[in-house]
Structures are given as C-alpha cells and as structure tokens.
Amino acid sequence: MALWDILGKSLGVPVYQLLGGKCRDSLPAYASGGWADVKGIGAQLQSYIDRGGFRAVKMRVGVMDGDVATSAARVQAAREALGPHIGIMVDAHGTFSVREAQRFAHKVENCDLTWFEEPVNADNKAGLAEVRASTDIPIASGESEATRFDFRDLITSGAVDIVQPDLAIMGGITEAVRVAALASAFQLTVAPHLWGSALLFAAGLQLAAATPNCTILEYSLGFNPMLHELAVDPPVVQDGFIRIPDKPGLGVTLNPDFVQRHRIL
Ligand SMILES: [Mg+2]
C-alpha cells in the first residue's frame, strides 16, 4: 500500500487513476458498531444515523449475547426502532455454529437484513456454504482471508454473496484488485473491511473508487483513534456518503502529533 502511495505521489495522481480511473465520486457508507442490549440497541443505532446521515448500520450478534434467542431479539428490536427504510447488517464474528447460525437466520427472516456477516468460523467454508444455502439473507465474509486463492475457495464453495477483503491482511491493493475481479466474474459484490486505521481506510477508498462492483463502505463508529485521529484529513461522512479524495497517492496525510504521542521507540 505504501508503494502505491509513493507511485501516485511521484506521478501527482490519486491511486484510483493508476487503477484505471474512478467510476464514482462518492460511495455510501454504513455505520459499524451496535453492541447495546435489547433495550438500548435502537437508540444506539439511531445515534449513528443522527451523526452521519447513514442509511445503513451494522450491529454485533453471536457469542456476546450468550444465546441465539437474545441475538435475534436484539435484531428485532433494532428493526422495530429504525423502521423499514434503514439497512441493517449483522456481524457474528464467526462465533455461531452452523446450526446456531441457521436458527438465528430463521428467527430474523422478517427483518429484511442487508447481510449476515461471518456467521461461522472463517476456516469453516463448507459450513458457511451450508448456512448460505439455508437462508435468503445475503452472506458476507472475507476479512480473515489472506490471498486470492483463499477467496477463490470461498467463492467457488458457494459460501458468500458479498466479499470483504481487508487490504492490510490480504496483501494490499494489488491482491484486492485481483479479488474484486474474481468476485465480478461470479456477479458478487465487494465491501472492503476497513476497521484498522486511516491508512487502511484510505487504501480501501481508492480501491472502491475504481471498482464497479464495490457497493458500500464500512465506517467504524466504535472507539478507534487509529481511524479517527491518525490522519489530519480523516474520511468525512456526509448524508451517509464518503467522497473519494482527489489528492495524489492514497490521499491521506498522517498527523505527526498523533504519531509522536504513540511512539514506542
Ligand atoms: Mg466483521
């Protein structure tokens, strides 16, 4: 990612230009968070919407809730609080068993979920395919995969509808471009995993700008100073959309004060 940044800056163009040009000026973002219990989840998700005009939000489910029924009740409460026009994604972080994921999906099938992320352990691709075959909720996964070969197996086993490459885990922009092309050949969409830092976010934004089958971006609203404070020009969400920066390279500048404060050498 650093080499793409250097190449863009040396040529005076944004990285998206090096990837073939941007196919959009901005992308919708979804607010990512949602840990509150059944009583508080509606207000917590609504607070995200009020902060950035988001039209979609993601909440956590799975082992943190103790049982499937509690996860399902929280999702039902979220849908009731937000009404029918806000997209809701759920993320189990791979913590359900196959049967738990199927029971959960059945209990929330009236909630019109945008996607169900990492229902089961990322190493259990056959189990993930079993979950996907048993529900019409789109399945999202991929943040734990390291190469295009892992994504090939994920995709060809019929395990996924939305692929979520994390550019910092999987070998940067170059490998993510290959994964996006692979996904397009299977008519799948891409939603990069952008939890790590402002640099990862900037790289994901450049990829998304130049990738037609990238449909939406994750925007963390959890405690995340590496995302919100590391850069002097962090991404800004307005009316639920993030503008693609037109500055050279990755289009992001580190905040030297923040770096200085957290130096360990
Ligand atoms: Mg996730």
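In this text the structure is predicted, and so the values were computed from the model without any measurement.

**Remarks on the overall build of the protein chain**
Part 1 of the argument: Counting secondary structure elements, the protein chain contains 11 helices and 10 strands.
Part 2 of the argument: Its C-alpha atoms give the protein chain a radius of gyration of 18 Å, within 12% of the compact-globule value 18 Å for 265 residues.
Part 3 of the argument: Here the C-alpha coordinates of the protein chain stretch approximately 55 × 40 × 40 Å along the principal axes.
Part 4 of the argument: Residues classed as buried in the protein chain amount to 44% of the 265 residues present.

**Describing the packing of helix 4 (residues 68-82) against helix 5 (residues 98-107)**
Part 1 of the argument: Two numbers describe how helix 4 lies on helix 5: the axes approach to 9 Å, and their chain directions differ by 30 degrees. As summarised for this structure, helix 4 and helix 5 are arranged roughly parallel, according to the angle between their axes. The hand of the helix 4/helix 5 crossing is right-handed. Residues Val68, Ser71 and Ala72 of helix 4 pack against Glu100, Arg103, Phe104 and Lys107 of helix 5.

**Structural notes on the pairing of strand 2 (residues 56-60)**
Part 1 of the argument: In terms of burial, strand 2 is a largely internal element, 5 of the 5 residues being buried.
Part 2 of the argument: One ladder, built from 2 bridges, connects strand 1 (residues 26-32) with strand 2; its direction is parallel. Paired with Ser32 across the bridge in strand 2 is Lys58.
Part 3 of the argument: At this point the chain moves from strand 1, through helix 3 (residues 41-52), to the parallel strand 2, and the crossover so formed is right-handed.
Part 4 of the argument: Handedness of the β-α-β unit built from strand 2, helix 4 and strand 3 (residues 87-91) comes out right-handed.

Criteria and cut-off values
Residues numbered from 1 in each chain as written. Predicted model: local features only at pLDDT ≥ 70, side-chain atom pairs only at ≥ 80, totals over all residues. Helix = DSSP H or I, 4+ residues; strand = E, 2+ residues; numbered from the N terminus. Rg over C-alpha atoms; globule rule 2.2 N^0.38 Å. Buried ≥ 20, exposed ≤ 12 C-beta atoms within 10 Å, placed from the backbone. Axes fitted to C-alpha atoms, helices over the stretch in contact; angles between N-to-C directions. Parallel < 35°, antiparallel > 145°, perpendicular 65-115°, else oblique. Left-handed = near helix turned anticlockwise from the far one by under 90°. Contact = placed C-beta atoms within 7 Å. Pairing = 2+ DSSP bridges. Right-handed = clockwise from strand over helix to strand, strands pointing away.

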